[in-house]
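Structural overview for review
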Amino acid sequence: MAKNVPSGLLEACVVLGVSNERLKDAGLLQGKDKEPLVEAEVLQVHAPPFVTKESSSNGTDHAQAFSRAQRRRSFKKKRDRPVSTISNSGQTNEPVVADSDDLSVPQNIDLIALPQLCFPDGLRITNESREDCFHFLVFTDVFGNQTHGVVAQYCKPVHFQQDNGIHQNGHRFNKLQRVYTTYSICIISKYPYYNALRDCLSCFLHHLKTSRMCEFEEQVKEFSAKLALVPIPPPGSLHVVFNLRPFQIELPSRLDVDRPVMDLDLHLPFLCFKPKHILQIISSILMEQRVVFLSTDWAKLTLVAECFMIFIHPLRWQHPFVPVLSRQMLDFIMAPTAYLMGCHTSHFEEVAEELDDLVLVDIDKGTVSSSSSHSLKLPDVPLTARDCFIFRAKGLQLHYDLEVCCAGSRTDINELRAHRRQWQHKLNTLILNITMELIVNIFSEVCDFLNYEHRVFNSEEFLRSREMTDHEFYKKVLDTHIFHSFLRERLNRKNDAFTRMQLNIRSETRRMKVMTESPRRPTMEEINRKYVRPENGLNSRLGVSMPNLADPRLLTMPIRQTSMRIIPEPFQNGIWSPSRPIKTFKLPEFPPPLSYQYVQSYYNDLIGLLSKAITSVTPDDSALLARYYYLRGLVNSVAGKRVDALADFQSLYKTDMDIFPAELLNTLVESLLVEERRTAERRPDLKRLISRVKRENERARPVDGGTVKRFELPKKHMHMEDFVRRVQESGIVKDQGTIQRLFEALTVGQQKQVDPETFCYFYNFWKDTEAAAQDVDLPVVVLEHLETDECVYKLSSSVKTSHGVGKIAMTQRRLFLLTEGRPGYVEITKFRDIEDVKISSAPFLLLRIPTLKIKTSLRKEMFEANLKSECDLWHLMIKEMWAGRKMADDHKDPQFMEQALTNTLLMDAVVNSLQSQKAIFAATKLAYFDKKKFDVPMMVPKTTSETLKHKINPSLEQTSPQAVDVLLYTPGQLGVSELNSGGNPKLWCALSDGKVLVFNAASWSMQQNSVQVGKSRLNCMLAVNQDQLWIGSKDSFIYIINPRSVSCNKQLTEHRGEVTGLALEERIDKFSQTVAYSCSEDGSVIVWDVSTLQAKRHFTVSCDRLQSIQIHNGMLWCCGRNCLLEVRRNGTVHRKVSLPDHLLSSPRGFSSFLLFNESEQLWAGFADAGELCVWHCRDLNKPFIRIQLKDCAGVVCMIKVKNQIWVGCHGRSPEGKTRGKIYVVNTDRYTVEKELMAHDDSVQTLCSAEHRYVLSGAARADGKIGIWKVE
C-alpha cells in the first residue's frame, strides 16, 4: 500500500550494543581497574513488511502487515565500515546492520544518533550483571511529526580467554573469564504506546533469557513481525487486546480524533511535584520558555514531559521536544529557540552555567527553578484558574495501594493488571478533567474577543478585560506560537474537548448574554461578586462560570424555570468521562509471523472475528459498530481484499464520519486493479464512494484560511466598505446596518470617508468608557434596587435635579439618580413608563440653562435635571431607549432593546469624538428607533401581541440576518445528564448554508454556536429517535446528528437530487423495526431501516418536483407541485389529487399539505394563492372546501396543533414590503380564528412545542424566531 496506509503497532525494531570486534578489544582492558566505556552501534534493524507474496509464490501482490511504504532505503554507519545484512539463519555473530540498499528503515529515524539515545549513560563492559531497565524516546522530524520509542536494556554474559577467543554460551575452555555487556532493544512506533510496548518488551525479555544466543536474531525478527500484525484501534471506546505470553496486552484507543494516544500514567507529575509547581511548569510551557527536565532516572524524563504535553491540550507544543539528551547531545541546550528537553541530574551544573534563562525542573526533588536563581521569576497562572486547579488537585487519590487495602490478593496476573488499568483509567479521566478545566479557565474568554467573519483577535481589548495581576502572564502567552495555533482552531470553530467543556461550564447568565448583542459592561451580579470570595476557596470570577466538579450538588444551573423545563439529575463528576463503557476486541493468536500463508490465514481469522462482532452489535450501538467497520476495513486493505475494504469504509461512512479515514480511502481507490475497479463499480454504493473520492481529488484545494490577524487602528481614510470591516474587526458592533448609520454620523458635513484620527478618537472613547464601567463602585444601597443582570452604561456629571444633586445613571432598564453626599438611590423612571421627554430652559441668574424634563406614568410631577451641555445628548439617548423599549415590549423582542442601547452608546461616542457643533446633529443619524416610530405604526395588533410570547434572534453571530429555513422541537429526556446535552428540551434551527443552531427550549439560550452540516440549504428535519436527528439537504445528502452530543458524524448518500422531505412510520409493536422515508425533488423515495441505516426499498413517483411526504393509515402521501399522490408501500399510485381548476395556471402549484386521522381530511396550501383547500380522504371526488386567507400572497408551510391549523404565509404590506403572516384556522368550522402579524419577511417554517407553543422562522430580511402561545 502507499504511504497513507496506517501503520501497525511497530514501525521498526532496532537492536544496539557492541559487536564481537569491539568485545575483543574490550576484553584486553579487563585487567584495568576502571570498567571500559565502549561505543555502541546498531546491530540489527527489523522493519515491515516481513513477508511478501513474492517470497512464497513469485506473485506480485504484497501482504502489507500494516506497513508504511515510504522508507529510507539505506544508511551508512559511522566510519563507513562495511556491514552485513540480516540472515534468516541467524548464525552469524558479526554486527548485522544491512549494507544493502534494500534495508527498510522508517524515514524519520536517525540511526546515527540512536545509539546515544539508547545508551544515554554510555555502554560499559562490567564484571557484574545489571537488572533490566527501560526508558522512552521521542523522535521528531522537520515537519513536527513524532515517532516514539521504548528501549529495554538487558545484560548478557560474555566469556573470553587470554587469547581473546570469545564464546557466548558455547563450549567452556580453561581459564575462561566472564564479563557482562548490555544490549538495547528499541521498539519504534508511530504511536506513544509507552506502557503497552514496555509490557511487550518485558514478555520478550522473559523468553529471551532462556534462549540461546544463536537464536537471538530470529527471535527478534519474529517478535517484531508479530507486533507489525497488530492494528491500531480507531478513536473511541474500543480497545484492542492481544496475547503475548505471559501477558495480555491492551492497546487503548484515542479519546478523540484530535487527541493523541494516552498510554501512560498521568498522575506521575502529581507524585513528583506539588500542584503549585505543576502550575509553574505549565506556565513556562505556555509562555514557550526553554525548559529542561532533570532526573537520575531516564524513564521519568519522557513520561513526565509527555504528561505535561497532554495537560496543555488543546494547545500543542510546536518547538523542539527532546526529553532525553545524552552527554554528547548537551550542546543542543544552546539552541536559540524555545525548547523542552531532558537530561541526567548529574549535568545540572553544566547546564545551568551555559544559559541564564533556563527553566530547570528537577523531577527527583520536585523543584522548579531558574538557571540564574533558585526561584522562578516567571508570571504565575491567573489567580482564578490557579486556585481552582489547586483545589481540585487536593481531592485526587493518587495511590493505588490505598485503593486495594480492603481487596484480596489476586492470583491471576492478567486479572491483577486489568484491575490496575481500570483504576488508572479512572484516575487519568479525573486528571484530564482538571487540566482541561485549567486551560478553559485560562482561555475561555478569548472566544469573546474573536471576530470570526474577518478572523481577527482583539488582543488589546482582551488584555483590558483581565485582572491587572494577570496582565504579565497573558502578554507573554498571547505572543506564542502555541497560542496562535489555538486561536486558529477557535476561529475555525473546532468542536473539540475545549469547546465542549467551555459550553458545559458556562453559566446560564453568560449563555443569555450570548443571546443579546450588547456592549460589554459588568452586571450588578458581577459587581456584587467583585470583592466577595466564595466559601469553597475559589476566586469570585469563577463564581458562576465554573461548576464545582468535586461536589455534584453545586452544579445546578440558575436557569429560569418554565413549564417546559425538565429538572436534570445532578451532573456527573467528570466532564470528560466517557459516556460509553470501554469495550475490548481480542486479536487471534499470532501465527508464525515469517510465513506468508500463515499471515494470510491470520488476517482471515481476524476478519472473521470482526464480522462476528459486527453481527452481534445491537443496532443502537452505532459507535461500536463503526469501530468494528473501521478495523475490518483496515485489515481487509492490508490483506489485499480491496473491494471488501471499500465496502467496510462505505458502511463506516454512513455510521460515523468522525473516524472516516479519507486519506486511506483515497489510497485504496488509487491502488485498485482494473478487475477490482470493475467489480466495485458494479455495486451502486461502492460506485458512489469511488465517485465521491474522485470529486474530492479533482476539487481545488481551498485557500488557506488559517491566518489570524490582530486588530490594528487604521492609518488611512476609509470609505464605507473598509469602515464596516474595521468596526466589525474592532468588536464594537457587527450589524452592517448599524455600522452604516455610524458611518453617516461620522461623515456629516464632509466627504463620505472617515479619517484615521476621527476613528481613533471614536474607538478610544468607546474602549475607555467600557473600561471605566468595569470600575464602577456602586453602594450596596443602590445594588439592592437593581436586577442582577443590569449594567450601568452611562453616568452624567454631577447635576442639580428636582430630586436633589447627584449623577444620572442609565441602565438597560431604567434611569436613576445616584445622590451625592450620603450615597443613595432615587429612581427616576423605567423606560417603559416614560410618557414624554423634552428640553426646556430654566432661569439661573441672568442665564437660561437647558433642562431635561421627563414625564412618567407613575408620577404626576415631571423629573427635571439641569444637564447643561449634556442636555441634548441625554435627550437623544433617552428618546432612543424609550422607543426601543416600546418596540421590544410590543414585538416581544428583547433584541430591539439591545439594539437601542447600542445606538445610544454609539451616540455618546460620536458626540465625544467629534467635539463640534455638528456633533449632536451627527448623533441623530443613529436614532434608529426614535425615527422608526414615525415611519411605521409602533402598535402591534392586539391579537398578535396577546399570542406572541417571545422572539429570539439566531443570527447574532452573523453580520446580517440569515433565513430560518427549518425549525424542529425535541422534548427533554428524564434521567439524562445535562452534561450530555440530553436533559432539556431543544430547539433545532437550520440557517443558511448548512448551519444548525441548538437552543435550550427551557430558557431559549443558545446551547451550541453551530453545527455545520454541508454547505447547502437545509430543507427538512426529523427526530427519528433519541440518538438520531435526520436533516435533508439541497446537496442530496441526509445528515444525521446525535442529539446528545450535538455532533454530525453520519450521512446517507443514496439520493441523487435535493432531499425535500422526511417521514417516520410508527412502529406496530416494540418488536417491529423503525422505518423512515425520504424523498428528493426528482421523485425518488427511499425506505430506510433506521437501526441499520440501510435502504430497504427504492421507488420513484411521477410528479413535478416532489416537495414533501407524510405517512397516513399505512399509505405514503406525496406532495408535488402539480398533484398530491397516495402511494402504496411498493411505490404504485393508489389515488391522485390534481390542482383545482381555478389554480391550474399557478406556476408553483401545491406548496404544502396535511393529513390527520381525527376528521379524515386532506388540507393543502398553494405557493401562489392565498387560500386553503380541504378534501375528504374517504372520497376525494367530493367537492372540496375553500378557505380564503385575507392579504395572503401564498402559503409556505402548515402544521396541526390541537384542533387548529397554523398556516405560515407571505404577503405584502400596504407599503409594498414583504410581510410574514400566520393564520390560525379552526378545523371544525373552517374559519380563520386569528391573523398574526408575525415577521417582516415570509414565514419559512413552523413547528410545535408539545402543543403548547408554536415556533415560527422567518426569511432573510427578518431572520428571527417567533414563539407563540397556543390556546
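Conventions used here
Residues numbered from 1 in each chain as written. Predicted model: local features only at pLDDT ≥ 70, side-chain atom pairs only at ≥ 80, totals over all residues. Heavy atoms only, no water. Helix = DSSP H or I, 4+ residues; strand = E, 2+ residues; numbered from the N terminus. Buried < 20%, exposed > 50% of the residue type's maximum accessible area, 1.4 Å probe, protein only. Contact = heavy atoms within 4.5 Å. Areas by Shrake-Rupley, 256 points an atom, 1.4 Å probe, with all protein chains shown as cover. Pairing = 2+ DSSP bridges. Axes fitted to C-alpha atoms, helices over the stretch in contact; angles between N-to-C directions. Phe/Tyr/Trp six-rings, centres within 6.5 Å; stacked < 30°, edge-to-face > 60°. Salt bridge = Lys/Arg side-chain N within 4 Å of Asp/Glu carboxyl O. Core = buried A, V, L, I, M, F, W, Y, C linked by side-chain atoms within 4.5 Å. Parallel < 35°, antiparallel > 145°, perpendicular 65-115°, else oblique. Left-handed = near helix turned anticlockwise from the far one by under 90°. Nonpolar A, V, L, I, M, F, W, Y, C, P; charged D, E, K, R; others polar. Expected span 1.5 Å × (residues − 1). pLDDT = per-residue confidence, 0-100. Polar contact = N/O pair within 3.5 Å; in protein donor to acceptor, adjacent residues only side chain to side chain.

1. Points about the overall build of the protein chain
Within the protein chain, the secondary structure is distributed over 33 helices and 57 strands. By residue count, 58% of the 1271 residues in the protein chain fall in the buried class. Partitioning the intrachain contacts of the protein chain with sequence separation of at least 6 by distance along the chain shows that 61% fall at a separation of at least 24. Carbon and sulfur atoms provide 49% of the accessible area of the protein chain, an area that totals close to 54,900 Å².

2. Here's the deal with the sheet that holds strand 16 (residues 359-362)
Ordered in space as 14-15-13-16-17, the five strands form an open sheet in which the pairing is mixed. Strands with a single pairing partner mark the edges of an open sheet, and in this sheet they are strand 14 (321-322) and strand 17 (367-370). In the sheet, strand 16 pairs with strand 17 via four bridges, with the strands oriented antiparallel. Within the sheet, the bridge partner assigned to Leu360 lies in strand 17 and is Ser369. Against the sheet, helix 8 (residues 298-311) touches strand 13 (290-295), strand 14 and strand 15 (339-344), its axis set at about 140° to strand 13.

3. As for the side chain of Gln650
Within the secondary structure layout, Gln650 lies in helix 21 (residues 642-655). Assessed through its relative accessible area of 3%, Gln650 is described here as buried. Setting aside residues up to four positions removed in sequence, Gln650 forms contacts with Asp685, Leu686, Leu689, Arg692 and Thr1053.

4. A few points about the packing of aromatic side chains
Aromatic ring pairs are described here by two measures, namely the spacing of the ring centres and the angle between the planes. Throughout the structure, instances matching the rule amount to 41 aromatic pairs. Summarising the aromatic geometry, the rings of Phe308 and Phe311 are spaced 5.5 Å apart at their centres and angled 70° between planes, so their arrangement reads as edge-to-face. Linking Phe308 with Phe311, this pair stays in helix 8, spanning three residues, or about one helical turn. Where Phe473 meets Tyr474, the ring centres are 5.3 Å apart and the plane angle is 80°; that geometry is what we call edge-to-face. For Phe473, a relative accessible area of 0% gives the class buried.

5. Here we look at the pattern of salt bridges
Counted according to the given criterion, the structure contains 55 salt bridges. For Glu1054, the salt bridge identified is with Arg688, shortest N-O distance 3.8 Å. With a gap of 366 residues between them, Glu1054 in the loop between strand 38 (1047-1052) and strand 39 (1059-1065) and Arg688 in helix 24 (residues 684-698) connect regions that are remote in the sequence. Across the salt bridge formed by Arg813 and Asp789, the nearest N and O atoms sit 2.8 Å from each other. A residue pair is termed long-range when its members are at least 10 positions apart, and Arg813 in the loop between strand 24 (804-810) and strand 25 (814-819) and Asp789 in the loop between helix 28 (780-783) and strand 22 (794-795) qualify at 24 residues. The exposure class assigned to Arg813 is partly exposed, which follows from its relative accessible area of 28%. If you follow the salt bridges from partner to partner, you end up with Asp258, Arg316, Glu489, Arg490, Lys494 and Asp496 in one network.

6. Some points on the sheet that holds strand 54 (residues 1231-1239)
Strand pairing in a sheet relies on backbone hydrogen bonds. The paired strands run either parallel or antiparallel. Taken in spatial order, the four strands of this open sheet run 51-52-53-54, and their pairing is antiparallel. Looking at the sheet topology across the chains shown, the edges are occupied by strand 51 (1194-1201) and strand 54. The sheet shows a mean angle of 25° between the axes of neighbouring strands, direction not considered. For strand 53 (residues 1218-1226) and strand 54, the ladder comprises seven bridges, and the chain directions are antiparallel. Bridging across to strand 54, Val1225 finds its partner in Val1232.

7. Considering the environment of Gln774
Assignment of secondary structure puts Gln774 in helix 27 (residues 756-774). By relative accessible area, which is 34% here, Gln774 ends up partly exposed. Along the primary structure Gln774 and Val792 are separated by 18 residues, whereas in three dimensions their C-alpha atoms are 9.6 Å apart.

8. Notes on the nonpolar core
Soluble, globular proteins show a tendency: their nonpolar side chains are buried together. Of all hydrophobic cores here, the largest spans 222 residues; its most connected members are Phe242, Phe293 and Phe443. Discounting residues that sit within four places of it in the chain, Phe443 has contacts with Leu286, Leu315, Val477, Phe483, Phe486 and Phe498. With 63 residues, the next largest nonpolar core counts Val733, Ile739, Val748 and Val754 among its residues.

9. Points about the packing of helix 26 (residues 736-746) against helix 30 (residues 894-914)
As a packed pair, helix 26 and helix 30 sit with axes 11 Å apart at the nearest point and diverge in direction by 25°. In terms of axis orientation, helix 26 runs roughly parallel to helix 30. Considering the relative orientation of helix 26 and helix 30, their crossing is right-handed. Of helix 30, the residues touching helix 26 (which contributes Thr738, Arg741, Leu742, Ala745 and Leu746) are Gln899, Asn903, Leu906, Val910, Ser913 and Leu914. A per-class count over the contact of helix 26 with helix 30 returns six nonpolar, four polar and one charged.

10. Quick look at helix 5 (residues 216-228)
Along its 13 residues, helix 5 runs 18 Å from first to last C-alpha, staying within 8% of the 18 Å computed at 1.5 Å per residue. Considered for burial, the residues of helix 5 that qualify are Phe216, Glu217, Val220, Lys221, Phe223, Ser224, Ala225, Leu227 and Ala228.

11. Brief notes about the confidence of the model for the protein chain
On average, residues of the protein chain score 83 in pLDDT, and 84% of them reach the 70 mark or higher. Every residue in residues 58-63 is under pLDDT 50, and counting partners more than four places away or in other chains gives 16 contacts. The low-confidence segment residues 68-103, where pLDDT is below 50, has 83 contacts with residues more than four positions distant or belonging to other chains.

12. Focus on unusual backbone geometry
With an omega dihedral of 5°, the bond running from Pro48 to Pro49 counts as a cis peptide bond. By the element assignment, Pro49 lies in the loop between strand 3 (41-46) and helix 2 (53-57). That bond from His313 to Pro314 is cis: its omega, 15°, falls within 30 degrees of zero. Among the structural elements, Pro314 can be located in the loop between helix 8 and strand 14. Here the phi dihedral of Arg493 falls at roughly 55°; this positive angle occurs in a residue that is not glycine. With respect to the secondary-structure elements, Arg493 resides in the loop between helix 15 (481-491) and helix 16 (497-505). Accessibility expressed as a relative area gives 31% for Arg493, which makes it partly exposed.

13. Comments concerning the packing of helix 7 (residues 275-286) against helix 10 (residues 383-393)
Look at helix 7 against helix 10: their axes get within 9 Å of each other, and the N-to-C directions meet at 135°. Our classification of the angle between helix 7 and helix 10 gives oblique. Crossing handedness for the pair helix 7 and helix 10: right-handed. Touching Pro275, Ile278 and Leu279 of helix 7 are Arg386, Phe389, Ile390 and Ala393, all from helix 10. Here the residues of the contact of helix 7 with helix 10 sort into six nonpolar, no polar and one charged.

14. Section: the side chain of Glu1058
With respect to the helices and strands, Glu1058 occurs in the loop between strand 38 and strand 39. For Glu1058, a relative accessible area of 10% puts it in the buried group. Reaching out from Glu1058, the side chain makes a polar contact with the side chain of Asn1019 at a distance of 2.8 Å. Look past the residues within four positions of Glu1058 in its chain and what remains in contact with it is Asn1019, Ser1033, Lys1034, Ser1036, Cys1079, Ser1080, Glu1081 and Arg1105.

15. Quick look at helix 25 (residues 720-730)
Burial runs high along helix 25: eight of the 11 residues are buried. Asp722, Phe723, Val724, Arg726, Val727, Gln728, Glu729 and Ser730 are the residues of helix 25 that are buried. Remark: Gly731 follows helix 25 within two positions and exhibits a positive phi of approximately 85°.

16. Considerations on the environment of Tyr602
Following the sequence through the fold, Tyr602 ends up in helix 19 (residues 596-616). Looking at Tyr602, the relative accessible area reads 2%, which means it is buried. The spatial distance from the C-alpha of Tyr602 to the C-alpha of Phe590 is 7.2 Å, given a sequence separation of 12 residues. Beyond its immediate stretch of four places on either side in the chain, Tyr602 contacts Leu229, Leu587, Pro588, Glu589, Phe590 and Pro591.

17. Some details on the pairing of strand 41 (residues 1084-1089)
Strand 41 sits mainly inside the fold: six of its six residues count as buried. Alignment of strand 40 (residues 1075-1080) against strand 41, held across five bridges, turns out to be antiparallel. When the sheet's bridge partners are listed, Ser1078 is paired in strand 41 with Ile1086. With antiparallel pairing between neighbouring strands as the criterion, strand 40 and strand 41 make up a hairpin whose turn holds three residues, including Gly1083 at a positive phi of roughly 90°.

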